[in-house]
Protein chains: 2
Amino acid sequence: MKISTKGRYALRIMVDLAQHDNGGYTPLKEISERQEISMKYLETIISHLNKAGFVESVRGKGGGHRLAKPAQELTVGSVLELVEGTLAPVSCLEGDRNHCDRANTCYTLPMWQELNRIIAEYLGSVTIYDLVHQQDQLIGNDYSI
Amino acid sequence: MKISTKGRYALRIMVDLAQHDNGGYTPLKEISERQEISMKYLETIISHLNKAGFVESVRGKGGGHRLAKPAQELTVGSVLELVEGTLAPVSCLEGDRNHCDRANTCYTLPMWQELNRIIAEYLGSVTIYDLVHQQDQLIGNDYSI
DNA sequence: TAATATTCCTACTAAGTCAATAGGATTTAT
DNA sequence: ATAAATCCTATTGACTTAGTAGGAATATTA
């Protein structure tokens, strides 16, 4: 029951891009330095974000990346679902292909469906903008300093 | 972001034990046949449940397993946390050992904490008894038949 | 044109996790 | 004794994760 580094890093990339958005393009090298994650690994992740239309990228000197949409329109759930493949907490809920023969008599399935709904609802309600603008939570919470 | 078969099967074992609880002990062979899961695999899972005090087991002929507590007192969350090790959606939240240097300036951590809280709250609110007594959901829901 | 800075692309790999299975030892009832 | 059950330790094949490697393509600038 874990979001992988790919999902976590993808969010950090999006937040970093939102924070340093001045209309231009941010090169990956800067994100890599700020986030302390190797450029090579970030490359594979941001390429995915680019292909899915979350990020616009420009090659060559002076190039880089920027958010393709306003941060208010990019939800945490959509980013995670993209790079993680799915957010379903059990394989039984992944599309139709994993539909189990026992589903219509399964006593645990309704609980999994509700868990799935709750997770999707929360992650769909938080945007990249929300993550950037949360001074209140960030400073003075129980894990700061 | 997946609960493994171990977690799912552990819940099915607990539900099966609750459904067939007549005061005596249910042998694993019966559970295996009803749930269509190999006895060998169930053995390793139920042994875990037994050591943690969720299930009482008796060896030898006529032996078997039964719930160690009333189903109302056994939450889905506690069972899953036991066999899965943790329910935290990101490794950053696992105890103190994975505490990250960046935690006090991490813009995604509060979101992960809230997600963690929501998941724990829901799974802690559903009991094995609830899973067994849910005819309304089970019959007539959109995945039955 | 040459140098430089950047993204883009494909492949590879070491380590870890998952989902079981195997083979027997031990215990208890009859 | 025999049968029916749990208990215990180890092993295995497949898959996933978390990167790394090496270079090709593109764009800017001097």
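Above this text is the structure in question.
Residues numbered from 1 in each chain as written. Chains lettered and ligands numbered in written order. Predicted model: local features only at pLDDT ≥ 70, side-chain atom pairs only at ≥ 80, totals over all residues. Heavy atoms only, no water.

Trainee: Quick question: what am I supposed to make of the relation of the copies chain B and chain A here?
Mentor: Look at the two chain copies: a rotation about an axis and a shift along it is all it takes to match them. The transform that puts chain B on chain A rotates by 180° and translates by 0.0 Å along the axis, for an RMSD of 0.0 Å. Between the two chains, the operation in question is that of a two-fold axis. Residue B:M1, judged by its C-alpha, is the member of chain B lying nearest the rotation axis, at 2.1 Å. (Least-squares fit on C-alpha atoms with pLDDT ≥ 70 in both.)

Trainee: Explain the protein's contact with DNA strand C here, please?
Mentor: Lining the immediate environment of DNA strand C, one finds 21 residues, of which A:L28, A:R59, B:S38, B:K40 and B:R59 sit closest. A share of 69% is what sugar and phosphate atoms reach among the atoms of DNA strand C within 4 Å of the protein. Side-chain polar atom of A:H65 to a phosphate oxygen of DNA strand C: 3.1 Å apart, as the coordinates give it. B:G60 places a polar main-chain atom, nitrogen or oxygen, 3.4 Å from a base oxygen of DNA strand C. (Near = heavy atom within 4 Å. Polar contact = N/O pair within 3.5 Å; in protein donor to acceptor, adjacent residues only side chain to side chain.)

Trainee: I would appreciate a short explanation of the nonpolar core in the present structure.
Mentor: Across soluble globular proteins, nonpolar side chains show a tendency to be buried alongside one another. Among the nonpolar cores identified, the biggest contains 87 residues, and A:L49 and B:L49 are the most heavily contacted of them. Setting aside residues no more than four positions away along its own chain, B:L49 makes contact with B:A10, B:I13, B:M14, B:F54, B:V55, B:V79, B:L82 and B:V83. (Core = buried A, V, L, I, M, F, W, Y, C linked by side-chain atoms within 4.5 Å. Buried < 20%, exposed > 50% of the residue type's maximum accessible area, 1.4 Å probe, protein only. Contact = heavy atoms within 4.5 Å.)

Trainee: Quick question: what am I supposed to make of the packing of helix α1 (residues 5–19) of chain A against helix α4 (residues 76–84) of chain A here?
Mentor: Axes are the key here: two packed helices are described by the angle between their axes and the distance separating the axes. All names here are of chain A. Between α1 and α4, whose axes approach to 9 Å, the crossing angle comes to 135°. The pairing of α1 with α4 is recorded here as oblique in orientation. As for how α1 packs across α4, the hand of that crossing is right-handed. Contact with α1, carried on its side by K6, G7, A10, L11 and M14, involves V76, V79, L80, V83 and E84 of α4 and no other residues of that element. Class assignment for the residues of the contact of α1 with α4 results in seven nonpolar, one polar and two charged. (Axes fitted to C-alpha atoms, helices over the stretch in contact; angles between N-to-C directions. Helix = DSSP H or I, 4+ residues; strand = E, 2+ residues; numbered from the N terminus. Parallel < 35°, antiparallel > 145°, perpendicular 65-115°, else oblique. Left-handed = near helix turned anticlockwise from the far one by under 90°. Nonpolar A, V, L, I, M, F, W, Y, C, P; charged D, E, K, R; others polar.)

Trainee: It is not clear to me how the state of the cysteines should be interpreted in this structure. Could you clarify?
Mentor: Two cysteines, two sulfur atoms, one covalent bond between them: this is a disulfide. Residue and element names in this part refer to chain A. The final tally for this structure, using the stated rule, is zero disulfides over all chains. C100 takes part in no disulfide bond, and the closest cysteine sulfur, belonging to C92, lies 6.3 Å away. The exposure class of C100 is partly exposed, given its relative accessible area of 32%. (Disulfide = S-S within 2.5 Å.)

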